[in-house]
Amino acid sequence: MAAFEPVLSRNWNNPDILSVKTYESKGGYAASRKALTTMSPDNVVDLVKASELRGRGGAGFPTGLKWSFLPKDRKETFMCINGDESEPATFNNRYLVEKDPHQFIEGILIGCYATKANTAYVYLRFEYIKAIHILEQAIAEARAAGHLGKNIYGSGFDLEIWCHRGAGAYICGEETGLIESLEGKRGWPRIKPPFPAIEGAFRKPTVVNNIETLACVPHIVERGADWFKSMGTPKSYGPKLYTISGQVNKQVCVELPLGVTTNQLLEDHAGGVWKGRKAKAAVPGGISMGILKKEEFDIPLDFEEIRKTGCLGLGTAAVTIMDDQTRIIDYLYNTTRFFAHESCGQCTPCREGTGWLYKTVKRIRSGGGRIEDLDLMSHLANNMGITPGTTICGLADGAAWPIKNALAKYRDELEDFIKHNQNPDYKITAGQDAISKGQSPLPTNTSMFVPGIGLAKSLSN
Ligand SMILES: Cc1cc2nc3c(=O)[nH]c(=O)nc-3n(C[C@H](O)[C@H](O)[C@H](O)COP(=O)(O)O)c2cc1C
Ligand code: SF4
């Protein structure tokens, strides 16, 4: 097999690549010129379909297919680019914008041409101040160089890109929450259907794509669908940016073919587990995906195989390693606290479910746990989410899944914890979770699960 050649990150070591001239001198904007001057929009859609590119934002939906859902008789189309990147431990979108903004702009240009969108909104996470400055500067340069604006390359196609800074909410990464927020409203996900392709931003047909998804597109136009499909595993093709963080020696973002294993990421790229310890578990693709046991570290991290471990999917491919001194109760505490904080509250099963999961875990961790709490949590988790059809968006599934997964994989450890961590002062009264005498819980070691980028947010809440 030919050696893997990174494409998405190929310019990351060249700080001059931020300038449009340098990007052009490296062959940049050749793919967009080729698409706009030699291909029809439908040709581009067909090419992306043939490449079987799947969205990198979390769900892995086929990109070309999504583009083809737009109504044929539409008068106006919007492209919304999802750079909310609030899934804990995920930072590949930030790198793509900060380290090679023109590659991303070129991807937007081709994506907009294919979908006939003349306006693109880049929705960037609130905290990404450096990224937004770099991107705005790059957009201005691309415009001055004729890659944006009116009649681009004489093709008759017009495009303007606008940057929109988020307001720091996880839920604004959900595509319809993002659209509501972009429209200046509270980021509450919309009931679907109608899906954004039919009625999205400003009630017009809209495509929502992740930054990394669009960054792949210029390379597909330049090198072809077969090249893209020469990498990866069946049904999961192409290059992927994996982020590795948590209790490792080196927290990194690396580009590899889809389907590498956790062990490869840990040993070959992250320098192994920190402090000479062993690995215990990993979060494979953002905390909403579930948990991998050490024995599952050789499963390919792609869209299909990962499901065999009981995880929800590949998610954002943000891998967080936990060492052998990490307690699963602390992992559950951080995870449930995050989702209880981030639920937008529209749907009762999600609002109440995330809150009660957090309270129950907090009580167990503080020494007030009962074995039957584990069944109670399982019952709660099984009754919230899009999958049983009780909620508007996927946040509830993402909140429930880590609980279901951890209960299935670490039930013995959790039972053991409950048995050996009883605080005699803990009294459970109806509707309350409190320590009756003195408010200090049992000593805990949350710091054992020192998070990567992003999880820090959940800890500091
Ligand atoms: C609660 C929640 C949060 C999400 N956050 C993000 C996010 O930060 N970035 C992202 O690209 N997609 C996120 N998604 C997925 C988006 O809804 C959407 O599927 C994605 O942006 C589509 O892009 P893609 O097809 O290119 O992957 C989130 C979904 C849910 C349910
Ligand atoms: S599932 Fe949760 S986050 Fe999503 S709309 Fe309902 S309450 Fe809001």
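Keep in mind it's a predicted model, so treat the numbers as computed, not measured.

## Observations regarding the site of ligand 2
Working step 1: Around ligand 2, the structure places 14 residues, and the nearest of them are Cys-344, Cys-347, Cys-350, Thr-391 and Cys-393.
Working step 2: Looking at the shell around ligand 2, the elements that each hand over two or more residues are helix 13 (348–368) and helix 15 (395–420).
Working step 3: Here the residues of the shell around ligand 2 sort into nine nonpolar, four polar and one charged.

## Things to note about the site of ligand 1
Working step 1: Close to ligand 1 lie 24 residues; Gly-55, Gly-57, Gly-173, Thr-213 and Gly-394 are nearest.
Working step 2: Counting residues per element, the ones that place at least two in the shell around ligand 1 are strand 4 (206–210) and helix 15.
Working step 3: Looking at which element gives the most residues to the shell around ligand 1, the answer is strand 4, with three residues.
Working step 4: Among the residues forming the shell around ligand 1, the class breakdown is six nonpolar, 11 polar and seven charged.
Working step 5: Mapping the shell around ligand 1 onto the domain boundaries places at least three of its residues in each of domain 1 (15–230) and domain 3 (328–444).

## Focus: the domain arrangement of the protein chain
Much of the literature gives interface size as the accessible area that the parts lose upon coming together.
Working step 1: Split into domains, the protein chain comes out as domain 1 (15–230), domain 2 (236–323) and domain 3 (328–444).
Working step 2: In this structure, domain 1 and domain 2 have C-alpha centres spaced 26 Å apart.
Working step 3: Taken together, the contact between domain 1 and domain 2 spans 17 residues of the former and 18 residues of the latter.
Working step 4: Secondary-structure elements contributing two or more residues to the side of domain 1 that touches domain 2 are helix 5 (92–99), helix 9 (211–223) and helix 10 (225–229).

## Notes on the sheet that holds strand 10 (residues 292–293)
Working step 1: As summarised here, the arrangement of the five strands in space is 8-7-11-9-10, forming an open sheet in which the pairing is mixed. Of all the strands in the sheet, the pair left with one neighbour each is strand 8 (252–257) and strand 10.
Working step 2: The sheet contact formed by strand 9 (residues 279–283) and strand 11 (residues 318–323) spans four bridges and is antiparallel. Across the sheet, the residue bridging to Ala-281 is Met-322, located in strand 11.

## Quick look at helix 7 (residues 129–144)
Working step 1: With 16 residues, helix 7 should reach 22 Å at 1.5 Å per residue; the first-to-last C-alpha distance of 23 Å fits that figure.
Working step 2: Listed in full, the buried residues belonging to helix 7 are Ala-131, Ile-132, Leu-135, Ala-138, Ile-139 and Ala-142. Around the axis of helix 7, the buried residues are gathered within 130° of arc, so they sit on the same side. In helix 7, those exposed residues whose orientation departs by more than 90 degrees from the buried face are Ile-129, Lys-130, His-133, Ala-140 and Ala-144.
Working step 3: Contacts from the buried residues of helix 7 go to helix 1 (20–25), helix 5, helix 6 (101–115), strand 2 (119–124) and strand 3 (160–165).
Working step 4: Two residues or fewer after helix 7 comes Gly-146, characterised by a positive phi angle close to 90°.

## Thoughts on the pairing of strand 11
Working step 1: For strand 11, the tally of buried residues reaches six of six residues, placing the bulk of the element in the interior.
Working step 2: Side chains Ala-318, Thr-320 and Met-322 project from strand 11 onto one buried face, and the interleaved Val-319, Ile-321 and Asp-323 project onto a second face that is buried too.
Working step 3: As defined by bridge partners, strand 7 (residues 239–246) adjoins strand 11 across four bridges and the pair is classed as parallel. Bridge pairing in strand 11 links Ile-244 to Val-319.

## A short note on the pairing of strand 1 (residues 78–83)
Working note: regular strand, side chains alternate between the two faces of the sheet.
Working step 1: Extensive coverage of strand 1 is indicated by the burial of six of its six residues.
Working step 2: Summarising the sheet, strand 1 and strand 2 pair through six bridges and their orientation is parallel. The partner of Asn-82 across the bridge, within strand 2, is Tyr-123.
Working step 3: Inspection of the sheet shows strand 1 paired to strand 4 by five bridges, in the parallel sense. The residue bridging Ile-81 from the neighbouring strand is Asn-209, located in strand 4.

## So, the confidence of the model for the protein chain
Low pLDDT means the predicted coordinates in that region are not meant to be read closely.
Working step 1: On average, residues of the protein chain score 92 in pLDDT, and 92% of them reach the 70 mark or higher.
Working step 2: Predicted confidence for residues 434–461 stays below pLDDT 50, and this span has 62 contacts to residues more than four positions away or in other chains.

## Focus on the packing of helix 3 (residues 41–51) against helix 9
Helix-helix packing is described using two parameters, namely the angle between the two axes and the distance between the axes.
Working step 1: It is the contact of helix 3 with helix 9, at a shortest axis distance of 10 Å, that shows an interaxial angle of 100°. The orientation of helix 3 relative to helix 9 falls into the category roughly perpendicular. Touching Leu-47, Val-48 and Ser-51 of helix 3 are Val-217, Ile-220 and Val-221, all from helix 9.
Working step 2: Tallied by class, the residues present in the contact of helix 3 with helix 9 amount to five nonpolar, one polar and no charged.

## Remarks on the packing of helix 5 against helix 7
Working step 1: Helix 7 packs onto helix 5 with a crossing angle of 40° between their chain directions and a minimal axis gap of 8 Å. If you check the angle between helix 5 and helix 7, you find them oblique. The interaxial crossing formed by helix 5 with helix 7 has left-handed handedness. Contact with helix 5, carried on its side by Arg-94, Val-97 and Glu-98, involves Lys-130, Ala-131, Ile-134 and Leu-135 of helix 7 and no other residues of that element.
Working step 2: Residues belonging to the contact of helix 5 with helix 7 are distributed by class as follows: four nonpolar, no polar and three charged.

## Focus on the nonpolar core
Working step 1: In this structure, Cys-80, Ile-81, Ile-108 and Ala-120 are the most contacted members of the largest nonpolar core, which totals 131 residues.
Working step 2: If one sorts the elements of this core by residue count, helix 15 sits on top with 10 residues.
Working step 3: Excluding anything up to four places from it in sequence, Ala-120 contacts Met-79, Ile-81, Ile-108, Cys-112, Leu-159 and Ile-161.

Definitions and limits used
- Residues numbered from 1 in each chain as written.
- Chains lettered and ligands numbered in written order.
- Predicted model: local features only at pLDDT ≥ 70, side-chain atom pairs only at ≥ 80, totals over all residues.
- Near = placed C-beta within 6 Å.
- Helix = DSSP H or I, 4+ residues; strand = E, 2+ residues; numbered from the N terminus.
- Nonpolar A, V, L, I, M, F, W, Y, C, P; charged D, E, K, R; others polar.
- Domains from an automatic or database assignment.
- Contact = placed C-beta atoms within 7 Å.
- Pairing = 2+ DSSP bridges.
- Expected span 1.5 Å × (residues − 1).
- Buried ≥ 20, exposed ≤ 12 C-beta atoms within 10 Å, placed from the backbone.
- Arc of directions from axis to C-beta.
- pLDDT = per-residue confidence, 0-100.
- Axes fitted to C-alpha atoms, helices over the stretch in contact; angles between N-to-C directions.
- Parallel < 35°, antiparallel > 145°, perpendicular 65-115°, else oblique.
- Left-handed = near helix turned anticlockwise from the far one by under 90°.
- Core = buried A, V, L, I, M, F, W, Y, C linked by C-beta atoms within 7 Å.

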